[in-house]
Amino acid sequence: MSIQLSKLQAGTLETASHTLQADDLLPESLHQFLACPTPVAWLKWALENPEILLIDHAQCEKKAASTAMSLLYRYVDQPLLLSKMSQLAREELLHFEQVVSLMEARGVAYQHLTASRYAEGLRRHLRSNDPERLIDVLIIGALIEARSCERFSCLIPYLDEELAKFYRTLVKSEGRHFEDYLMLARQQTSDSIDERIAFFVAREAELITSPDTAFRFHSGVPA
């Protein structure tokens with residue numbers, strides 16, 4: 001299985017800029033939230049590993065649903081959080097099913113992949129006690145969703161028509177999930193959480209731009 005370049009020749013990746021993203025789909029708030037765009041080196045890596053891209057994408061959707069479900073069980077006293085996480089879990093599981101269906105149609109076998117360092121690299125900074133811990137979990141959720149959204153946007157101009165159309169639908173939903181996570185984080189306290197958001201945004205940028213040994217959907221750049 002290979003990814004077809006739909007709008008650009010492969011050689012243009014050498015000088016690609018982020019104006020090639022499907023930026024019309026990204027909310028301005030997302031651009032302002034992330035500290036850096038996805039490096040072109042990761043995009044090239046992704047196009048060289050189309051099967052791993054799809055397999056790890058499926059795993060990311062499944063993990064996102066699991067995270068939402070864990071919040072549903074742990075914070076039963078927060079009606080808005082319960083409503084948002086219930087909706088998010090359903091959407092992420094639907095996306096998982098859709099990715100698996102795409103993989104099957106393309107002859108890509110679903111298999112276990114080791115997790116990237118990305119999520120753990122963020123979660124190692126979690127504070128121990130609530131509401132601080134929950135605030136951190138929600139900020140991390142916002143970052144994961146925002147980066148996923150931005151990476152779909154990076155990939156779209158290079159994909160075959162079917163996959164590009166699918167990723168366009170995901171950009172919209174992941175953008176909404178990012179905003180929901182951030183709204184819920186701010187709801188946990190009357191104090192400003194801007195400093196804590198800035199801390200995690202900086203850590204996320206470090207993970208995205210530093211060398212990685214294995215390609216994953218949220219990996220850094222090739223070592």
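This write-up is about the structure you can find in this document.

## Remarks on the packing of aromatic side chains
- Inspection of the entire model under this criterion finds 9 aromatic pairs.
- Judged by centre distance (5.9 Å) and plane angle (45 degrees), the ring pair of Phe 166 and Tyr 167 falls under tilted. Taken as a pair, Phe 166 and Tyr 167 share a single burial class, namely buried.
- Three or more aromatic residues link up through ring pairs in this structure, and these residues are Trp 42, Trp 45, Phe 152, Phe 166, Tyr 167, Phe 215 and Phe 217.
- The side chain of Arg 151 reaches across the aromatic face of Trp 42, ending 4.0 Å from its centre.
- Sitting over the ring of Phe 199, Arg 203 keeps its end group 4.8 Å from the ring centre.

## Focus on helix α2 (residues 40-48)
- Looking only at α2, the buried set comprises Trp 42, Leu 43, Trp 45, Ala 46 and Leu 47.
- Tucked into the core, α2 has its buried residues touching α3 (50-74), α6 (132-155), β1 (211-212) and β2 (221-222).

## Some details on unusual backbone geometry
- Following Asp 130, the chain continues into Pro 131 via a peptide bond in cis, with omega recorded as 10 degrees.
- By the secondary structure assignment, Pro 131 is in the loop between α5 (118-123) and α6.

## A look at the environment of Leu 184
- When you line up the elements, Leu 184 lands in helix α7 (residues 161-187).
- Placed 50 residues apart in sequence, Leu 184 and Leu 134 show a C-alpha to C-alpha distance of 9.4 Å.
- Filtering out sequence-adjacent residues up to four positions away, Leu 184 remains in contact with Leu 80, Leu 81, Lys 84, Met 85 and Leu 138.

Parameters and conventions
Residues numbered from 1 in each chain as written. Predicted model: local features only at pLDDT ≥ 70, side-chain atom pairs only at ≥ 80, totals over all residues. Heavy atoms only, no water. Phe/Tyr/Trp six-rings, centres within 6.5 Å; stacked < 30°, edge-to-face > 60°. Buried < 20%, exposed > 50% of the residue type's maximum accessible area, 1.4 Å probe, protein only. Lys NZ or Arg CZ within 6 Å of the ring centre and 35° of its normal. Helix = DSSP H or I, 4+ residues; strand = E, 2+ residues; numbered from the N terminus. Contact = heavy atoms within 4.5 Å.

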